[in-house]
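# Chains, contacts and geometry: an overview
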Amino acid sequence: MTTSKALVFDIKRFAVHDGFGIRTTVFFKGCPLRCKWCQNPEGLSIEREPIYFKNKCIHCYQCLKLSRHGQIDNKNGIIHIHNHHESFEEIVQACPANAITYDSQYYTIDELFKKIKADEVFFRDGGGVTFSGGEPFMQGPFLIEILKKCKAEKIHTALETSLYTSLDLIKEALPYLDLIYADLKVFDDDLHQQYTGVSVNRIKDNLSYILRSIHRDKVIVRTPLIPSMNATDENIKSISQFLIDLYPNVKYELLNYNPLASSKYELYNFTYGVSKQYKMFTQEKMQHFYNVVLQTGLKNLIIE
Amino acid sequence: MDHLYQTKRISLLKDKMLNAPRYASIEQARIITRVYKENPDLSIAKKRALSLKTVLEEIEIGVEPEELIVGNRTKGVRYGVVFPESGCSWVNQEFESLPTRPQDRFLIHDEDVKEFRENIFPFWQGKSMEDKIKNRYGKEIDAMSKVVKINQKDHAQGHICPDSSLWLKLGPQGLMDQAKEKLNTCREDQREFYECTIMVLQGACTFMHRYGQYIDSILDKQSLQNQESLKVVRNHCYFLAKNPPHHFHQALQSLWFLFVILHMESNASSFSPGRMDQYLYPFYKKDKETGLIDDQQALELIECLWLKFNEIVYLRNKNSAKYFAGFPIGFNIAIGGLDQNGKSTYNEVSLLCLKAQYHLGLPQPNLSVRLNKGTSHKLMQEAIKVVAKGSGMPQFFNDEAIVQTMIHDLNIEPQDAYNYAIVGCVELTTHGNNLGWSDAAMFNFNKALELTLNHGKCLLTHQQIGLDLGGLDTYQTYHDLERAFKKQIDYFIEEMMKAEQVVEKAHQECLPTAFLSTVIDDCLEKGLDVTRGGAKYNLSGIQMIQIANLADSLAALKKLVYDEKMIDQNELLKALQNDFKGYEVIQTMLLNKVPKYGNDVAWVDKMGCKWAEYFRERMKDYTNYRGGPYHTGMYTVSAHVPMGENVGASPDGRNALTPLADGGMSPVYGRDLSGPTAVLKSVSRLNNSLTTNGGLLNMKFLPEFFKTESGMNKFEILLRAFVDLQIPHIQFNVVRKEDLLDAKVHPERHRSLTIRVAGYTAYFVELAGKLQDEIIERKTYDNI
């Protein structure tokens, strides 16, 4: 991965849910974690991949004519994509319905910045750009470069990160960030490895550094609550305790479970690891979790 | 003002109004016909004035005992008035179908139909304006109708903002004194104008006086409580018959009489009160300071007036009802904006107007808020609260886009531009001194393009209706195509302008309007009727239909056919001729392989602008019949549905007969995939000189967006960016799709559900099914 281009799987304008004001969220592709509940499975792999949207397909079979080395086959009228290492450029170009398309796009710094700047007029009163993913630090050098560029143009910058990255990269990025959403999902290392595929220790170390640095007020720590996994009193209590020990004024947010992501999975080679029976937590249950946090003495709990 | 509530009186009056049956009425037609028959030797201007005066003296009137503001042009509520001078041939053809037609139905009395056929219609045959235009130029107008729809052929031109401040300052008596003075010293050719003016103003005084008398006649039978309020109203009516208003209540009553009489004279759509918060404020302030009223009382009075605005509808012919569906009568009120020095302004009356809309949520008045860089947070937030309620109001206009353009493009004096108002739906006007002739015609660019691609032949009927300049099969380059398109447009502009002259001339002949002329500045001064050019400003607005589809079509032609040659030009022509049957792959490519207008893709957005700008430039070659300039607008009302029915399959991938984009500046629905900010960016690429007659942008949001304070604040950010982007207009429907679907199935449960159609709000259940479906399909923005 060079710094000259980044792989981005979506750019969402008018993002009004995470962060202040009206924002543009840039989703970087690639993530070192494999959370069982991942909301953006399209952001996991670091490769650009062709995908096939069944519901868009008009079955004109133009793609079959262009298929080489069995890239595409047709079983009883259903298209399948194989051999992702061949170029799909021509097929993607030709598909009249955009049913076969790349899941992501390469951007140079200038191209991406132009996309961000397009909504500058809406970035008043705290709005700006949010870098999300995937894990933006997977494309760290590019991330730092685009952050510098945004800051130079006085655009408010936010980052959503797992913090599973090198401390050097984090140190380099911090001065150019106005807001950092850092996830701490599971406190116990065994469980963290079980649910996310990686150890939590690096994340804790990085978080410890940031929460003791001059940048600590830029941070909002978040825990997405996943039924049957990390949504336990014990987990929430341990995290809260850990956080206030680092910095008593830490800002902390609990995110309610969102079951909608499961529908995205059929396009990708990943399985959604949360049972379908689970729904969002009720308001009462959320209040219970809030109380668990508050009882540890954590003051700045963010409640929607 | 959070403590202000809707009183029982208002709830009661609202229910009465919503439940009143809607009939067609021939009462005024009967009186007018009689006056014309009895006075064959008078000039048309005199006949018109005398018949208005007689109507004001004789028409049956009524008062609801709870009313604080009284007056209507018929005794029944929301009656459709048959108006023979402008046109009744269509009534003759359509009378029996009024109760069952698809859009804007009216009940009828059988004896009325009989009387109309025996005594009214025969007299007007060949004499009404409708018939005169038809006899003189009907064939030509029909021939161009799929490309150019000429409007105002069978009714008077409304869309006027009278000088309400002058009316409130002088009253009919004061105006009459002025006219009498003028009469003593005027030239011979001005004499008739002043005589007519005096006649109608006398009628106006009588009309007001009659309401006082009427109340006296019913007073004994009322409850004590109603007796008390009725006495107040009665006194006001007697007082206003002789004097201009002194108090806030009187001012509102006086204002309502003005608008009732304007409707009785013209039977036209859209006489708009304009900047009510500005000219009513002195009355409010005085009464508030002297303790005569408090805000709750002021609000109740405003809400009474709001209800009255919903009691006048306008009977259109079947075709016109399709283009302007759901009774857009256009009592447009503009609050906020700039003061005479160009500084941002609003006052308590502005907030009361918003509160009244918040409470009532009815289609009228058409409430507009003028925004600018200086608009206060308070006014913004109060307006957004009303938006969140979902009546589609208020709509927003942008001083930053409009004022300077008026000054520079239309040579309007700065103080008139600062004081602009809106008439009807979204049409811009100066206040009290303008005959804007909005929506004189609608020019369908997409039909013109169709003819350019298909050798001048209509794809639907195969008739030769345009010039044969070649076709998609013969144009070797995109430039060839553009050259032909330009010629086709020129041809239809020329045809349109010839028809416009005929129509305006007929208006002068058949529909001089003495009463209106008393409240349009400089008519009294010049001694010249408004239809003859008496107003200070005389504009004519042509609408450009529909730039969104045009941009998408041209982008597809340029990129897919000529630049990248992904689609063969002969194949595409065949695909269009066959409405894409058997050419589904081509249609899918047209829809997917080229970006669309509304996604912030500059080159696509500019494909449409270029032709709109060309058209606007060509308007400068013409002068209207009153000697003023032509300009352009981009607002379709509901015309995108019938206009779409005139257009065959188009290169943007749209099927034949299906609707065009809604609004006027909005993207084609379902094609704006990059969110509302991208839409605003695209729309901002339209040069503001294209929309000096008005522009219209629709957006739909889910109610959830407004649930939190943060949502309300983000909406304000969006609006402030809208101001900075210098887009002239925006309006919002805040509604759940499920509610609309349910209202289709169970209209009885959703009688008061209002929806923004296009520049105006209508009752959803009163719209024809096709238009309902189209509104349901518009893109909704939620928590992206």
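Residues numbered from 1 in each chain as written. Chains lettered and ligands numbered in written order. Predicted model: local features only at pLDDT ≥ 70, side-chain atom pairs only at ≥ 80, totals over all residues.

Turning next to the overall build of chain B. When you go through chain B residue by residue, the secondary structure sums to 30 helices and 18 strands. Relative to the globule expectation of 28 Å for 784 residues, the C-alpha radius of gyration of chain B, 26 Å, shows essentially globular dimensions. Dimensions of chain B, computed from the C-alpha atoms along their principal axes, are close to 80 × 65 × 50 Å. Relative to its full complement of 784 residues, chain B shows a buried share of 60%. Put simply, 79% of the contacts in chain B that link residues at least 6 apart link residues at least 24 apart. (Helix = DSSP H or I, 4+ residues; strand = E, 2+ residues; numbered from the N terminus. Rg over C-alpha atoms; globule rule 2.2 N^0.38 Å. Buried ≥ 20, exposed ≤ 12 C-beta atoms within 10 Å, placed from the backbone. Contact = placed C-beta atoms within 7 Å.)

Regarding its fold elements, chain A presents 9 helices and 13 strands. The globule rule puts the C-alpha radius of gyration for 304 residues at 19 Å, and the 21 Å found for chain A is close to it. Referenced to the eigenvectors of the C-alpha coordinate spread, the extents of chain A come out at roughly 65 × 45 × 30 Å. For chain A, with 304 residues in total, the buried portion stands at 38%. Intrachain contacts of chain A at a sequence separation of at least 6 include 71% that bridge at least 24 residues.

With that out of the way, let us pick up the sheet that holds strand E13 (residues 300-302) of chain A. Residues and elements named next belong to chain A. In spatial order, the strands read E7-E1-E2-E8-E9-E10-E11-E12-E13; together these 9 strands make up an open sheet with mixed pairing. A strand with exactly one partner marks an edge of an open sheet, and here the two such strands are strand E7 (105-108) and E13. Shown here is a sheet whose adjacent strand axes are inclined to one another by a mean of 30 degrees, direction ignored. Against the sheet, helix H3 (residues 109-117) contacts strand E1 (5-15), strand E2 (23-28), E7 and strand E8 (128-132), and its axis sits at roughly 95 degrees relative to E7. (Pairing = 2+ DSSP bridges. Axes fitted to C-alpha atoms, helices over the stretch in contact; angles between N-to-C directions.)

Residues and elements named next belong to chain B. Its place among the elements puts Gln 381 in helix H15 (residues 377-389). Judged by C-beta crowding, with 14 C-beta atoms within 10 Å, Gln 381 ranks as partly exposed. Taking the C-alpha atoms as reference points, Gln 381 and Phe 715, 334 residues apart in sequence, are found 9.1 Å from one another.

Further remarks concern the interface of chain B and chain A. At the junction of the two partners, chain B supplies 22 residues and chain A supplies 20 residues. At the level of secondary structure, the elements contributing two or more residues to the side of chain B that touches chain A comprise helix H24 (584-592), helix H27 (675-683) and helix H28 (709-724) of chain B. Broken down by element, the side of chain B that touches chain A gets its largest block of residues, 6 residues, from H28(B). Residues of the side of chain B that touches chain A, tallied by class, amount to 9 nonpolar, 6 polar and 7 charged. (Nonpolar A, V, L, I, M, F, W, Y, C, P; charged D, E, K, R; others polar.)

Residue and element names in this part refer to chain B. Strand order in the open sheet formed by 4 strands is E3-E10-E12-E13, with mixed pairing between adjacent strands. Taken across any chain shown, the strands that pair with only one partner, and hence form the sheet edges, are strand E3 (148-150) and strand E13 (630-633). Ignoring strand direction, the axes of neighbouring strands in this sheet form an average angle of 25 degrees. Packing of helix H18 (residues 445-453) onto the sheet brings it into contact with strand E10 (441-444) and strand E12 (540-545), and relative to E10 it is tilted by some 40 degrees. Packed onto the sheet, helix H19 (residues 478-510) meets E3, E10 and E12 and runs at close to 5 degrees relative to E3.

This part covers the packing of helix H3 (residues 44-58) of chain B against helix H8 (residues 188-218) of chain B. Describing two packed helices takes the angle between their axes plus the distance from one axis to the other. Residue and element names in this part refer to chain B. At their nearest, the axes of H3 and H8 sit 8 Å apart, and the two run at 10 degrees to each other. When the interaxial angle is binned, H3 and H8 end up roughly parallel. When H3 is examined against H8, the residues Ala 45, Lys 46, Ala 49, Leu 50, Leu 52, Lys 53, Leu 56 and Glu 57 are found in contact with a partner set consisting of Glu 192, Cys 196, Met 199, Val 200, Gln 202, Gly 203, Ala 204, Thr 206 and Phe 207. Residues belonging to the contact of H3 with H8 are distributed by class as follows: 10 nonpolar, 3 polar and 4 charged. (Parallel < 35°, antiparallel > 145°, perpendicular 65-115°, else oblique.)

Residue and element names in this part refer to chain A. Burial of E2 is extensive: 6 of the 6 residues sit out of reach of the surface. Alternating positions in E2 separate into two faces, Arg 23, Thr 25 and Phe 27 on one and Thr 24, Val 26 and Phe 28 on the other, with burial throughout. By the bridge criterion, 5 bridges tie E1 to E2 in an arrangement that is antiparallel. Paired with Ala 15 across the two strands is Arg 23, which belongs to E2. In this structure, E2 lies alongside E8, joined through 5 bridges in parallel fashion. Across the sheet, residue Phe 27 finds its bridge partner in E8, namely Ser 132.

Quick look at the nonpolar core now. Among the nonpolar cores identified, the biggest contains 321 residues, and B:Ile261, B:Cys353 and B:Phe443 are the most heavily contacted of them. Those residues in contact with B:Cys353 that lie beyond four places of it in its chain are B:Met276, B:Asp277, B:Ile302, B:Ile333, B:Ile335 and B:Leu367. Membership of the second largest hydrophobic core comes to 10 residues, among which are A:Phe88, A:Ile91, A:Ala97 and A:Ile100. (Core = buried A, V, L, I, M, F, W, Y, C linked by C-beta atoms within 7 Å.)

What follows covers the confidence of the model for chain B. Parts of the prediction with low pLDDT should not have their coordinates interpreted in detail. For chain B, the mean per-residue pLDDT works out to 94, and 98% of the residues sit at or above 70. Among the scores for the predicted complex, ipTM is 0.94 and pTM is 0.93. (pLDDT = per-residue confidence, 0-100.)

Residues and elements named next belong to chain B. Looking at where Arg 22 falls in the secondary structure, it is placed in the loop between helix H1 (8-19) and strand E1 (24-25). Arg 22 sits 415 residues away from Trp 437 along the chain, and the two C-alpha atoms are 29 Å apart. When sequence neighbours within four positions are dropped, the list of residues in contact with Arg 22 reads Arg 78, Tyr 79, Phe 106 and Leu 107.

All names here are of chain B. Viewed as axis vectors pointing N to C, helix H9 (residues 224-240) and helix H10 (residues 248-266) meet at an angle of 65 degrees, and their least axial separation amounts to 10 Å. Taken as a pair, H9 and H10 cross one another with a handedness that is right-handed. Contacts between H9 and H10 involve His 236, Phe 239 and Leu 240 from the former and His 249, Gln 250, Gln 253, Ser 254 and Phe 257 from the latter. Here the residues of the contact of H9 with H10 are counted per class, giving 3 nonpolar, 5 polar and no charged. (Left-handed = near helix turned anticlockwise from the far one by under 90°.)

This part covers the pairing of E13(B). Side-chain positions along a regular strand alternate between the two faces of the sheet. Residue and element names in this part refer to chain B. Neither face of E13 is open: one carries Tyr 630 and Thr 632, the other His 631 and Gly 633, and all of them are buried. Judged from the 4 bridges that link them, E12 and E13 form a sheet pairing that is parallel. By the bridge assignment, Gly 541 is partnered in E13 with His 631.

Residues and elements named next belong to chain B. Compared with the 21 Å implied by 1.5 Å per residue over 15 residues, the 20 Å span of helix H6 (residues 129-143) between its first and last C-alpha is a close match. The sharpest bend along H6 reaches about 80 degrees and sits at Tyr 137. Looking at H6, one finds that the buried residues are Met 129, Glu 130, Lys 132, Ile 133 and Ile 141. In this structure, the buried side of H6 is in contact with helix H4 (89-94), E3 and H19. (Expected span 1.5 Å × (residues − 1). Bend = angle between axes of the 7 residues up to and from the residue.)

Our focus in this paragraph is the environment of B:Phe123. Residue and element names in this part refer to chain B. By the secondary structure assignment, Phe 123 is in helix H5 (residues 110-124). Using a count of 17 C-beta atoms within 10 Å as the deciding quantity, one classes Phe 123 as partly exposed. If we skip the residues at most four places from it in the chain, Phe 123 touches Thr 33, Tyr 36 and Lys 37.

Looking along the chain, the bond that leaves B:Gln364 and enters B:Pro365 is cis, with omega of -5 degrees. By secondary structure assignment, the location of B:Pro365 is in the loop between helix H14 (348-360) and strand E5 (366-371). Backbone geometry places A:Ser228, a non-glycine residue, at a positive phi of 70 degrees. Residue A:Ser228 is classed as partly exposed on the basis of its 13 C-beta neighbours within 10 Å.

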